[in-house]
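These are the residues of each chain, in order.
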Amino acid sequence: MNRRIGIGLLILTVGMLMTVTPYLAEFSQSGFHIYSPSQDNQSYKDGQTVILDFSSAYKNNPFTIIVNKYCYNSTTGKTSIKLYNEIGEITNSSGGFYGPIISGQYPIGKYQILLEDAYSNAYAEFNLTITPDSYPAYLAVTVQSQNGTIIPGATVEAKAPNGTIVAMNKTSNNGVAYLQVQYPLSPINYTVIAYAGGFATESKVVTVNSNATFPVTLSLPYTGLHIYLVKVFGVNESSMTFLEGKPITLEYQVEYQGMPESNVIVYLYLQGGTSVLNNATNANGLTNFTVVPKYTGKPYELLTNATVIYNNQVAFKVTQLKVVPNTSVTLVPINVKVSETNGTPLLSNVSLKYPNGTIVTARGSSVTFNVTYNGTPEYLTIYASSLGFMQRNQTIYVTQRYLSM
């Protein structure tokens, strides 16, 4: 009998302890017993409702609740207090209060909460902090072609997990676009999408797990017909600077629908629109051309235009080459005058032939050929012809800056 009573009392005691626990104040000041917030300097996320719950020993006394915000002045380095909310005067039989004192979008920062009972000269003060529910993070998105060439002007988007576009930008001249997204204090996956004319759309999922900058690279496959410069062989390929008179080899690749295309004719045009060479691509879509910049004795720029026509589409690649004087070579001017036997100038076709068979032509009664001298003497032949007159030729010997005839 006694054992049963002991068990019943034990169960009753545990039940009583459980019902009392929720009513214990978390902290107390000047007779105010505060249950919520649960501690001084408690943090809340922006948009979260702050519930104030307290009781006091001062029944039926009017009291006031004041919410102040700490405002820091970066210029003076001082902090001031600004009133943000005031509730009062409140009177009730319990001497307490339960209800929201901050709700909605409040400015981020630290707040002071004051409870004042002027009749009993009782005051309580504590602080709380409103923190952002998210922080800005950034995506540094590099958009390039499938062969690594940057793509300026490409459109880049970032989509949240629910599919909403949260940021959009275009790549600058360096092929990079910056997107600002939000880091909601826990990892989140954004889908980054890039697209541009002549390229297929590509996307990539990026996990943002801090308020940092996350690099992303998207390589877009070509669509349609494309030609691009693969390699340049010459004196200084990195700066695209070359010596006059020295061969330059340009290697191109042709792709159609993102794949190398063979047996496609590529035409190379030099500055001025003259077609100098045409070659067919190999099995890898590659072809190359060798050009020799002319001698001028001064720096100049040489533009090349590689053009391809295939399946009713046209693609081209313009390349700018910097040509500098070749100080190891001397230009020797050869002035040629053609006249009749009586000394009258005669309009003629004049040709200069090099030992290797190269022929340079000009027309006039007085023409000048600038021939190169690299330290090795050589014989050149000049031909002159005019309608109704016999052709004449003459051999000259170039040595240093002098001509021997």
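Residues numbered from 1 in each chain as written. Predicted model: local features only at pLDDT ≥ 70, side-chain atom pairs only at ≥ 80, totals over all residues. Heavy atoms only, no water.

When helices and strands are counted, the chain shows 1 helix and 32 strands. Out of the 405 residues in the chain, the part that is buried amounts to 36%. The long-range share in the chain, meaning contacts at least 24 apart out of those at least 6 apart in sequence, stands at 56%. Accessible surface for the chain amounts to roughly 23300 Å². Of this, 51% is attributable to carbon and sulfur atoms. (Helix = DSSP H or I, 4+ residues; strand = E, 2+ residues; numbered from the N terminus. Buried < 20%, exposed > 50% of the residue type's maximum accessible area, 1.4 Å probe, protein only. Contact = heavy atoms within 4.5 Å. Areas by Shrake-Rupley, 256 points an atom, 1.4 Å probe, with all protein chains shown as cover.)

The final tally for this structure, using the stated rule, is 10 aromatic pairs. Summarising the aromatic geometry, the rings of Phe32 and Tyr58 are spaced 6.0 Å apart at their centres and angled 65° between planes, so their arrangement reads as edge-to-face. Here Phe32, found in strand β2 (residues 32-36), pairs with Tyr58, found in the loop between β4 (47-56) and β5 (63-73); they are 26 residues apart in sequence, far enough to count as distant. Centre to centre, the rings of Tyr252 and Phe289 are 6.2 Å apart; their planes meet at 65°, and the pair counts as edge-to-face. (Phe/Tyr/Trp six-rings, centres within 6.5 Å; stacked < 30°, edge-to-face > 60°.)

Turning next to the nonpolar core. Ranked by size, the top nonpolar core spans 28 residues in total, and within it Leu139, Val141, Val143, Val156, Val208 and Leu220 carry the most contacts. When contributions to this core are tallied by element, the ones reaching two or more residues are β10 (135-145), β11 (155-159), β13 (176-183), β14 (188-195), β15 (202-208) and β16 (213-220). For Val143, the contacting residues outside a window of four places in its chain are Ile150, Ile151, Ala154, Val156, Thr171, Gly175, Ala194, Leu218 and Leu220. (Core = buried A, V, L, I, M, F, W, Y, C linked by side-chain atoms within 4.5 Å.)

A word on the pairing of β14. Bridging between β11 and β14 involves 5 bridges; their strand directions are antiparallel. Looking across to β14, one finds that Ala158 is bridged to Val192. Of the strand pairs in this sheet, β14 and β15 are connected by 7 bridges, and their pairing is antiparallel. Residue pairing across strands places Thr191 opposite Val205, the latter belonging to β15. Linking β14 to β15, which pair antiparallel, is a turn of 6 residues; within it Gly198 sits at a positive phi near 85°. (Pairing = 2+ DSSP bridges.)

This part is about the environment of Ser30. By secondary structure assignment, the location of Ser30 is in the loop between β1 (27-29) and β2. We classify Ser30 as partly exposed; its relative accessible area is 43%. Sequence spacing of Ser30 and Ser120 is 90 residues, and the spatial spacing of their C-alpha atoms is 9.9 Å. Each residue touching Ser30, except ones within four places of it in the same chain, is listed here: Tyr58, Ala122 and Tyr123. At 2.8 Å, the side chain of Ser30 forms a polar contact with the backbone oxygen of Tyr123. (Polar contact = N/O pair within 3.5 Å; in protein donor to acceptor, adjacent residues only side chain to side chain.)

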